[in-house]
Amino acid sequence: MSRAGVRPVLFRAALACAATIAFVPAPTQAAPPPGMPDPAQMSGIPRPDPNLMPGTVTVRCLDGGFANPAIGVEVQLEITTAAGQQVRTATSADQGRAMFTGLDEFLGNQVVATATVAGQPLRSQAFTLGPQAGVALLLVATGGNAGTAGADPGAAPGQPPHTPPAADPHGGQGAQPVPGMPFPLAGRPRGTLIVGALDLGTADPAVGGIAGPIADIEVTLTATIPGSDQPLVEQATTDADGRAMFEGLDQRLPEGATIIVEAVLKPGEAPRRSQSFTLGESAYALILTRGEQAQQAAPHQPPPQQGRTQVPPPRVDRGLKPGQARVLVFDAHDQPVADLPVIINSSQSTGGAGNRVGRTDAQGMAIIDGVPVEDDMLAQVRVVYEGAPYSSTLFEMPADAGAVVMMRVFRPTGDRTRVRSALQIDVTPRENDIAAVSFNYAVFVDGDEAFWSPGGMTLFGPPGTRSMHIMEESKAWLLHDGETPWAQLDRPLEPGVELRLSFAVGLQHDGKLAIEWSTPFPLVEDASLVSVPEALAVTHGVGGAPEVDPHAGRDGGPIKLYELGYQPFAIGVCDLLARSGHGCPFSSWGGTDVSIEVEGLPTRNRAWPYTAWGLLGVTGLGIAITMLLRRRVGVREALLARRDALIAELVSLDERGGDTPELRKQRAQMLRTLDRVYRQLEALGPHGTNKVA
């Protein structure tokens, strides 16, 4: 089935499974220019904007489109707090934009934006002020003043009359369903979820066929509840139309609960799994399909991360006093994490250190006083969330204000099968029969949980590792003391982003190099490589002939690229212990075994070292023989020779003549020495036998 034919089939299949919506053609409206988004379809939908500071909301009011900004419109923010509803007001100005700032005190609370544009009362969807970024949204009226007369009371919040409801932000994707992605469903009460199981292989889009329903399939709904270790699990069985229904979920699940639906659609195959989503303001439907793998998310396919904005680094907060720090902690779904101990560690290069502690409130915020403000003093926020340690980047406290630090934490998982990886091994010859081997290792954690094993994990180099160097992009994750042939996983591996656990080692070789290593996580099929200079060859552990890249070498020269072969990933004892929340007592976890051999490495010339050692040995032997054969002289003979030499020096001194103080001093010293020699001769007697060398 072609990709073009799949989406119409899915659309019709969703209608058949839901059996609740009757689509009527909408009135014709002027379309935006080609390539320009239709602002009416985005009206009322809040969008996190990383360019806006947390606690900031911008509302742009438009009369029909971007070309007609509505200026001078009063916009209200209705903020729901524990103490009741509060209202903030601003007036739209440049480009129809009204800006609300300084809302940090309302982080974690529900907000709705309202305005009357061109006579049309507009209301946005409810959204939560998150601590990671500000929020931007549009409020768009259509047809000038037409809204005052013909307003449709059934229009969705923030939408003009007679237009279909906008896509729900809680995982919906509109009227074109994609397998595994939930979409809003009208005509059913909130808290209802309908799951359709379809076989795309039975549909014929050429004749308008509908994908065949799959009956008697057990569908499992797993809901993760914030603050609880026990998920809610419910099951339902599809009927003859391939439908399974879950009702009243809004009554059984608290706000912020995340839902995943899965089902085995064909015996022996992996289960089809939906993306993670939360309950919105409407009912939902989703479909799980078989027969078109390209359109179905894999069991561990990561959900889209568009809604997960990057956490900004620590920054100055002018609303705080010097020495104060505001710490905001939120989870994978941008929900505040309450009642979490927070530690701010301050340290100096001279060795001074100290801790300040606090605890987050219901909004996930902790304000900690007394953080040192000194020169050369660096601070770091540390928390432990469900046994996994998290820490911020190092920062310096400002002298004239406080600091705000935002942290995202994730529930940990010790399941290594949730992690996908790819490996590239680069082999480069060095001097003295050493090869530099780089392990460029990329990992990706699926889902909304971070990988972390109690007690951490150790990454070892291959056998024979002489030295290990952690690459710069991996120093945030791997802890290494600079000497050991291993490194420690220092922090949880966050989900949804590609991370690097790369390092380089030095290995001894004799012209042939054998490399054996076990990757700690499963390798993605056909995604790993071995690269060597063109003069070398990999003779074992790779698949097929190499490809030659003429300019990819470090020196701009050619290299060979081989497809890396490996053994299947093996689950071990450490995995079972990690899944049960226990540390692994063994140093190595095992995993995917890799074994390659590289030949053709250059070796140093052995003739010169052997020649040098030979010459050194001959020289030493000659010295030893000379010492053994040297004539030995007796002590008496040595003293007599000394006596004769002294007498000759005295005669020579007398022949020079003169009577200076220097000559008298020299003669007296020689006479004293000659006297000692005569005394030694008398002590030996006429037949002294002592020998000297």
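All values derive from a computational prediction rather than experimental measurement.

**Student:** Sorry if this is basic, but what is going on with the overall build of the chain here?
**Tutor:** A count of helical and extended segments in the chain gives seven helices and 45 strands. Per-residue burial for the chain yields a buried fraction of 43% across its 693 residues. Partitioning the contacts of the chain with sequence separation of at least 6, the portion at a separation of at least 24 is 70%. Counting only carbon and sulfur atoms, one obtains 54% of the accessible surface of the chain, whose full area is about 35,000 Å².

**Student:** Please clarify how the sheet that holds strand β27 (residues 402–408) should be interpreted in this entry.
**Tutor:** Here four strands make up an open sheet; going across it, the order is β20-β27-β21-β24 and the pairing mixed. A strand with exactly one partner marks an edge of an open sheet, and here the two such strands are β20 (315–317) and β24 (365–368). Ignoring strand direction, the axes of neighbouring strands in this sheet form an average angle of 30 degrees. In this sheet, β27 lies alongside β20 in antiparallel orientation, the contact comprising three bridges. Of the residues in β27, the one forming a bridge with Val 316 is Ala 403.

**Student:** What exactly am I supposed to notice about empty space enclosed by the protein here?
**Tutor:** The method is simple in principle: a probe with the dimensions of a water molecule rolls over the atoms, and the space it marks as empty is what remains. Inspection of the entire model under this criterion finds one cavity of 30 Å³ or more. In this structure, the largest cavity spans a volume of roughly 60 Å³. Along the wall of the largest cavity there are 13 residues; nearest its centre are Leu 107, Gly 108, Pro 131, Pro 336 and Gln 363. Counting residues per element, the lining of the largest cavity draws most heavily on strand β21 (residues 325–330), at three residues.

**Student:** Would you mind going over the environment of Asp 334 with me for this structure?
**Tutor:** With respect to the helices and strands, Asp 334 occurs in the loop between β21 and β22 (341–348). Accessibility expressed as a relative area gives 14% for Asp 334, which makes it buried. Note: C-alpha distance between Asp 334 and Thr 128 (206 residues apart in sequence) is 9.0 Å. There is a polar contact of 3.1 Å between the side chain of Asp 334 and the side chain of Arg 408.

**Student:** I keep staring at helix α7 (residues 661–684) and nothing clicks. Help me out?
**Tutor:** Note: α-helices contain 3.6 residues per turn, so residues at a spacing of three or four share the same orientation. Along its 24 residues, α7 runs 35 Å from first to last C-alpha, staying within 8% of the 34 Å computed at 1.5 Å per residue. Every buried residue belonging to α7 is among Leu 663, Met 670, Thr 673, Leu 674, Val 677 and Leu 681, and all of these are buried. Where α7 is buried, its residues meet α6 (635–656).

**Student:** It is not clear to me how the confidence of the model for the chain should be interpreted in this structure. Could you clarify?
**Tutor:** Atom-level detail of predicted coordinates should not be read off regions where pLDDT is low. With 80% of its residues at a pLDDT of 70 or more, the chain shows a mean pLDDT of 78. Within the model, pLDDT remains below 50 along residues 144–176, and this stretch shows 77 contacts once partners closer than five positions in the same chain are excluded. Throughout residues 293–307 the model reports pLDDT below 50, and contacts reaching past four residues in sequence, or to other chains, amount to 32 contacts.

**Student:** Help me understand a negative patch on the surface, please; the structure alone is not making it clear to me.
**Tutor:** On the surface, a cluster of negative charge is made up of Glu 374, Asp 375, Asp 376 and Glu 396. Turning to its location among the elements, Asp 375 is positioned in the loop between β24 and β25 (377–385). Among the residues examined, Asp 375 registers a relative accessible area of 67% and is labelled exposed.

**Student:** Quick question: what am I supposed to make of unusual backbone geometry here?
**Tutor:** Positive phi is not limited to glycine here, since Ala 118 has a value of about 55 degrees. Within the element layout of this structure, Ala 118 appears in the loop between β6 (110–117) and β7 (120–123). Ala 118 gets classed as partly exposed once you look at its relative accessible area, which sits at 21%.

**Student:** Help me out: how do you make sense of the packing of aromatic side chains in this one?
**Tutor:** How two aromatic rings sit relative to each other is given by the distance of their centres and the angle of their planes. Applying the stated criterion to the full structure yields seven aromatic pairs. Summarising the aromatic geometry, the rings of Phe 439 and Trp 517 are spaced 5.0 Å apart at their centres and angled 55 degrees between planes, so their arrangement reads as tilted. Here Phe 439, found in strand β30 (residues 434–445), pairs with Trp 517, found in strand β38 (residues 512–519); they are 78 residues apart in sequence, far enough to count as distant. Note on Phe 439: relative accessible area 0%, which makes it buried.

**Student:** Hey, could you run me through the pairing of strand β4 (residues 84–91) in this one?
**Tutor:** Across a regular strand the side chains alternate sides, sitting on one face of the sheet and then on the other. The sheet contact formed by strand β3 (residues 74–81) and β4 spans eight bridges and is antiparallel. In the sheet register, Ile 79 faces β4, and the bridge partner there is Gln 86. Between β3 and β4, which pair antiparallel in sequence order, lie two residues.

**Student:** What is the right way to look at the sheet that holds strand β35 (residues 486–489) in this model?
**Tutor:** Each strand in a sheet pairs with another by means of backbone hydrogen bonds, the pair being arranged parallel or else antiparallel. If you trace the three strands from one edge of the open sheet to the other, you get β32-β35-β34, paired in antiparallel fashion. The sheet is open, and its two borders are formed by β32 (458–460) and β34 (478–479), each paired with just one other strand. Sheet analysis places β32 next to β35, joined by three bridges and oriented antiparallel. Considered in β35, the bridge of Thr 458 is made with Gln 488.

**Student:** Is there a simple way to think about the side chain of Thr 258 in this case?
**Tutor:** Locating Thr 258 in the fold gives a position in strand β16 (residues 258–263). If near-sequence neighbours (up to four positions away) are discounted, Thr 258 is found in contact with Thr 222, Ala 223, Thr 224, Ser 276, Phe 277, Thr 278 and His 333.

**Student:** Help me understand the pairing of strand β29 (residues 419–429) in this model?
**Tutor:** Sheet topology note: the β29/β30 ladder contains eleven bridges and is antiparallel. Bridging across to β30, Asp 426 finds its partner in Ser 438. Sheet topology note: the β29/strand β39 (residues 529–533) ladder contains three bridges and is parallel. Bridge assignment links Gln 424 to a residue of β39, and that residue is Leu 529.

Conventions we followed
- Residues numbered from 1 in each chain as written.
- Predicted model: local features only at pLDDT ≥ 70, side-chain atom pairs only at ≥ 80, totals over all residues.
- Heavy atoms only, no water.
- Helix = DSSP H or I, 4+ residues; strand = E, 2+ residues; numbered from the N terminus.
- Buried < 20%, exposed > 50% of the residue type's maximum accessible area, 1.4 Å probe, protein only.
- Contact = heavy atoms within 4.5 Å.
- Areas by Shrake-Rupley, 256 points an atom, 1.4 Å probe, with all protein chains shown as cover.
- Pairing = 2+ DSSP bridges.
- Axes fitted to C-alpha atoms, helices over the stretch in contact; angles between N-to-C directions.
- 1 Å grid on protein atoms, 1.4 Å probe; cavity = no way out; pocket = protein on both sides within 12 Å on 5 of 7 lines; lining within 4 Å.
- Points joined across faces, edges and corners; volume = space filled by probe spheres on them.
- Polar contact = N/O pair within 3.5 Å; in protein donor to acceptor, adjacent residues only side chain to side chain.
- Expected span 1.5 Å × (residues − 1).
- pLDDT = per-residue confidence, 0-100.
- Patch = residues over 30% accessible without salt bridge, like charges linked within 9 Å, V, L, I, M, F, W, Y side chains within 5 Å.
- Salt bridge = Lys/Arg side-chain N within 4 Å of Asp/Glu carboxyl O.
- Lys, Arg positive; Asp, Glu negative; His and termini not counted.
- Charge placed at Lys NZ, Arg CZ, Asp CG, Glu CD.
- Phe/Tyr/Trp six-rings, centres within 6.5 Å; stacked < 30°, edge-to-face > 60°.

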